[in-house]
Amino acid sequence: EYIELKTAEEFYDAIYLLKVRGAPAIGVFAGYAACILAAHGPRESTDAFLAHLEKQCAYLNSSRPTAVNLSWATGRILKRAKELCHLPVEEIMGLLFEEATDINFFVGRAVNPAHQDPELSISFEIKMRLIRELADCLKEMGKTIRVNYF
């Protein structure tokens, strides 16, 4: 199912309400969400742009505070924006989207028993299929994808 999201609240809810599931998917989603929210931010100065982006990243992170891939992705976008602060805001925004061109998935092979419902047998293959489908979709969009299993 595809859903169209435009606002910070919609991005937040998609993570919080588990419309986006799985650590790798949440990371990819959060990175793009941060870029989209940045693009809708102020453009009058780099300082205002960075303050807006920082606020939006913190807001996204608060949707699932323990989601490591979420905070990693928003942190990477924010760090990159700060590295580019010497450029005009329009250029920073374009380069942030390019930052999401190469995507690395780090996928654990373990299944956390605490997350399993004994009434619902979910095989590890479902997780692997989701990662493959997500990677294939992103490759079709021209992204460079690496999947690393540990």
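Now for a quick tour of the structure.

Rules of the game
Residues numbered from 1 in each chain as written. Predicted model: local features only at pLDDT ≥ 70, side-chain atom pairs only at ≥ 80, totals over all residues. Heavy atoms only, no water. Buried < 20%, exposed > 50% of the residue type's maximum accessible area, 1.4 Å probe, protein only. Helix = DSSP H or I, 4+ residues; strand = E, 2+ residues; numbered from the N terminus. Arc of directions from axis to C-beta. Contact = heavy atoms within 4.5 Å. Axes fitted to C-alpha atoms, helices over the stretch in contact; angles between N-to-C directions. Parallel < 35°, antiparallel > 145°, perpendicular 65-115°, else oblique. Left-handed = near helix turned anticlockwise from the far one by under 90°. Nonpolar A, V, L, I, M, F, W, Y, C, P; charged D, E, K, R; others polar. Salt bridge = Lys/Arg side-chain N within 4 Å of Asp/Glu carboxyl O.

**Structural notes on helix H5 (residues 89-99)**
Turning to H5, its buried residues number three or more, namely Val89, Ile92, Met93, Leu96 and Glu99. Projection of H5 onto a plane perpendicular to its axis shows the buried side chains occupying an angular sector of 115 degrees, all on one side.

**Overview of the environment of Ile3**
Along the polypeptide, Ile3 turns up in the segment before helix H1 (8-16). Among the residues examined, Ile3 registers a relative accessible area of 39% and is labelled partly exposed.

**Examining the environment of Lys82**
For Lys82, the position within the fold is in helix H4 (residues 68-83). Measuring from C-alpha to C-alpha, the distance between Lys82 and Leu50 comes to 7.1 Å, with 32 residues separating the pair along the chain. Discounting chain neighbours no more than four positions away, the residues touching Lys82 are Leu50 and Glu54.

**Some thoughts on the packing of helix H2 (residues 23-39) against H4**
Between H2 and H4, whose axes approach to 7 Å, the crossing angle comes to 30 degrees. Put simply, H2 runs roughly parallel to H4. Once H2 is placed against H4, the crossing between them reads as right-handed. Residues Ala23, Pro24, Ile26, Gly27, Ala30, Gly31, Ala34 and Cys35 of H2 touch H4, and the partners they reach there are Asn69, Leu70, Ala73, Thr74 and Ile77. The residue inventory of the contact of H2 with H4, partitioned by class, reads nine nonpolar, four polar and no charged.

**Side note on the pattern of salt bridges**
Opposite charge on two side chains makes pairing possible when the charged atoms of those side chains draw close. Enumeration according to the criterion identifies six salt bridges in this entry. Residues Glu83 and Arg80 are paired through a salt bridge, measuring 3.3 Å at the closest nitrogen-oxygen approach. Here Glu83 pairs with Arg80, and both are found in helix H4, just three residues apart, close to one helical turn. Under the relative-accessibility criterion, Glu83 is labelled partly exposed at 40%. In the salt-bridge network here, residues are joined through shared partners; they are Lys79, Arg80 and Glu83.

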